[in-house]
Amino acid sequence: MARRIDVTGAGGVRLAAWEFAEPRKTTPGSSAPDSTAPDSTAPRTFVPSQAEPYEPHQPHGPHTGHEAELRPPNGVLLLHGLMGRASHWAATARWLSERHRAVALDQRGHGQSEKPPQAAYTRDAYVEDAEAALKQLGLGPAVLIGHAMGALTAWQLAAKRPDLVRGLIICDMRASALGAASQREWEDWFKSWPLPFATLADVRKWFGEDDPWVERPNPARGEFYAEVMHECPDGWRPAFEPAQMLTSRETWVYDAHWEELAQVQCPALVVRGLDGELGRAEAQEMVRVLPHGQYAEVADAGHLVHYDQPDAWRAAITPFLDAVLTG
């Protein structure tokens, strides 16, 4: 099950947040809440719905008595990367929800969140959106889990608002400047997409096999991109605007972000896939710069660590989460 919660971000941009969890038990004669969320098995355009009032999960752990009954669950906010959507976190959010309150956010320009052409796609806007989500959802102080661009947003928010962040997981995001050449490569890559795709099978094949950026067949990558497509009259196209993605990206690729890492005061775990974009030397330097940094790596995983190897990803981050949220 997944449930949408509407959030108002910076500048009034409407954002969609999602709770992925098993359906709540219902009494005879009642019906389970309906779901219109983006399911990882159905990468289509979904009709948004208003969320029900939040009902806290039962607390976990050894505590008993009235105090434990009133204690809210620990909060976790999951932030996807560029071109991603909240449903990419569905598997992670579902097992987190067994013990914590896990919410994934469709960031501005992504998923079912608003994509106004004149909106600010700046670093400040993305960070303020995540800050607004923590406040409006009542999650803080929370653990932030971010992939790529979402990881940068997470550590920038942790540096800005340490009172709202109790832990941080950075998944395959570099702190170094990538430069103008990188941005030009992305511009050319978007132009190379054979849009529109006739079927979702074509999407999976191109991004999983035929894309020049794919070194060897990668079915998980194909599924990842199929999940961000929607059906149009002429075929399947991305649910985001490529121009907005390039605008979002150019706000970080020309600058390094080591200074903000050094300002993160909470425990932080840097996770990389062995075949990802974050090299081991840079990852270990990020751990050194973080005041309370830790390191983990996932074998047989590329940039989409949590999507490539969900079981190994869970094993890599669970000890850190247990220490931060229950220690």
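(A) Looking closely at unusual backbone geometry. In the segment running from Gly140 into Pro141, the intervening peptide bond is cis, with an omega of -5°. Among the secondary structure elements, Pro141 is positioned in the loop between helix 3 (123–137) and strand 5 (142–147). Residue Leu195 is joined to Pro196 through a cis peptide bond whose omega torsion reads -5°. Mapped onto the secondary structure, Pro196 falls in the loop between helix 5 (180–192) and helix 6 (200–210). One non-glycine residue with positive phi stands out, namely Asp172, at about 50°.

(B) Structural context of the packing of helix 5 against helix 8 (residues 242–250). Where helix 5 contacts helix 8, the axes come no closer than 11 Å and their chain directions differ by 170°. With respect to each other, helix 5 and helix 8 are oriented roughly antiparallel. Between helix 5, through Ser182, Gln183, Trp186, Glu187 and Phe190, and helix 8, the contact on the second element is made entirely by Pro242, Met245, Leu246, Arg249 and Glu250. Each residue belonging to the contact of helix 5 with helix 8 can be placed in one class, and the counts come to five nonpolar, two polar and three charged.

What counts as what
- Positions within a chain are numbered from 1, following the residues in the order the chain's sequence is written.
- With the structure being a predicted model, the display of local features is reserved for residues of pLDDT at least 70 and the display and counting of side-chain atom pairs for 80 or more, all residues being used for whole-chain, interface and lining totals.
- Remark: hydrogens and water are excluded; side-chain values derive from all non-hydrogen atoms of the structure.
- Labels follow the DSSP assignment, with helices taken as runs of H or I lasting at least four residues and strands as runs of E lasting at least two, numbered in each case from the N terminus.
- Only the contacting stretch of a helix is used when fitting its axis, a line to C-alpha atoms as for every element, and angles between N-to-C directions run 0 to 180 degrees.
- The scheme is simple: roughly parallel for angles under 35 degrees, roughly antiparallel for over 145, roughly perpendicular for 65 to 115, oblique for anything else.
- By definition, residues are in contact when any of their heavy atoms lie within 4.5 Å.
- In the scheme used here, Gly and all other residues not listed as nonpolar or charged are polar, with Ala, Val, Leu, Ile, Met, Phe, Trp, Tyr, Cys and Pro taken as nonpolar and Asp, Glu, Lys and Arg as charged.

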